[in-house]
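Each chain, written out:
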Amino acid sequence: MALHLLKLCVGPASIEELEARIAHNRAEAVRLGQEPVTAHVTRMFPKRAQAIAGGGSIYWVMKGTLTCRQSIRAIEPVTGSDGIDRCRLVLDPAVTPVSPRPCRPFQGWRYLEARDAPADLDRASAGEVAEMPESLRRELVALGLI
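Procedures and definitions
Residues numbered from 1 in each chain as written. Predicted model: local features only at pLDDT ≥ 70, side-chain atom pairs only at ≥ 80, totals over all residues. Heavy atoms only, no water. Helix = DSSP H or I, 4+ residues; strand = E, 2+ residues; numbered from the N terminus. Buried < 20%, exposed > 50% of the residue type's maximum accessible area, 1.4 Å probe, protein only. Contact = heavy atoms within 4.5 Å. Pairing = 2+ DSSP bridges. Salt bridge = Lys/Arg side-chain N within 4 Å of Asp/Glu carboxyl O.

In the nomenclature of an unreviewed UniProt entry, the protein is known as DUF1489 domain-containing protein of Methylorubrum rhodesianum.

Asks: What's the story with the overall build of the protein in this structure? I'm lost.
Replies: Helix and strand counts for the protein come out as five helices and seven strands. Ordered by position from the N terminus, the helices and strands of the protein form the series β-α-β-α-β-β-β-β-β-α-α-α. Looking at the 146 residues of the protein, the share that counts as buried comes to 36%. Considering only residue pairs separated by 6 or more positions, the protein has 65% of its internal contacts joining residues 24 or more positions apart.

Asks: How do you make sense of the pairing of strand 3 (residues 57–62) when you look at a structure like this?
Replies: Successive side chains on a regular strand alternate, one facing one side of the sheet and the next facing the other. Burial analysis of strand 3 places six of its six residues in the buried class, the great majority of the element. For strand 1 (residues 3–8) and strand 3, the ladder comprises four bridges, and the chain directions are parallel. Looking across to strand 3, one finds that Leu6 is bridged to Tyr59. As defined by bridge partners, strand 3 adjoins strand 4 (residues 65–79) across six bridges and the pair is classed as antiparallel. Bridge assignment links Ser57 to a residue of strand 4, and that residue is Ser71.

Asks: Help me out: how do you make sense of unusual backbone geometry in this one?
Replies: Peptide bonds are trans in most cases, and residues, glycine excluded, mostly fall at negative phi. Positive phi, normally seen in glycine, also occurs at Lys63, with a value near 50°. By the secondary structure assignment, Lys63 is in the loop between strand 3 and strand 4. Residue class for Lys63 comes out exposed when judged on its relative accessible area of 67%.

Asks: Please explain the pattern of salt bridges as it appears in this structure.
Replies: Side chains that carry opposite charge are capable of pairing whenever their charged atoms lie near each other. All told, the structure shown has six salt bridges when counted by the stated rule. A salt bridge links Asp92 to Arg73, with the shortest nitrogen-to-oxygen separation between them at 3.6 Å. With Asp92 in the loop between strand 5 (85–91) and strand 6 (96–102) and Arg73 in strand 4, this residue pair connects regions lying 19 residues apart in the sequence. The exposed category is assigned to Arg73, whose relative accessible area is 52%. We note a salt bridge from Arg88 to Glu76, for which the minimum N-O separation is 2.8 Å. Of this pair, Arg88 sits in strand 5 while Glu76 sits in strand 4, and the two are 12 residues apart along the sequence. With relative accessibility at 28%, the residue Glu76 sits in the partly exposed group.

Dropping the structure here:
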């Protein structure tokens, strides 16, 4: 069973904004002649990295709701320009909406066991919920209706 990470998404307030940020960063990398890699750098290196890499995902919490995920392709140690060691999560650029659920704020990231991870939100598994605008899904989650 894969192990996942749960993290607050700082900046983008919706899945569409996250996808736009990813597209912009990839286009900028191409413009600069760099490889268009989707990555997230964090200060701490997960102690359970082997259980995450290759099968885990990072689940994003936006505005108090767990809303989507990205598959983690690799976890790499990197050193910043300031000389501080960090962790680079190499992510799949595709963002997958998940069944929304409320989530309280926290610092850093948390481990998320596969059995506790929400299901992907697609037409086959979620029906009409997958068709709803994200803002409506958030309101229904806040009301405890989905």
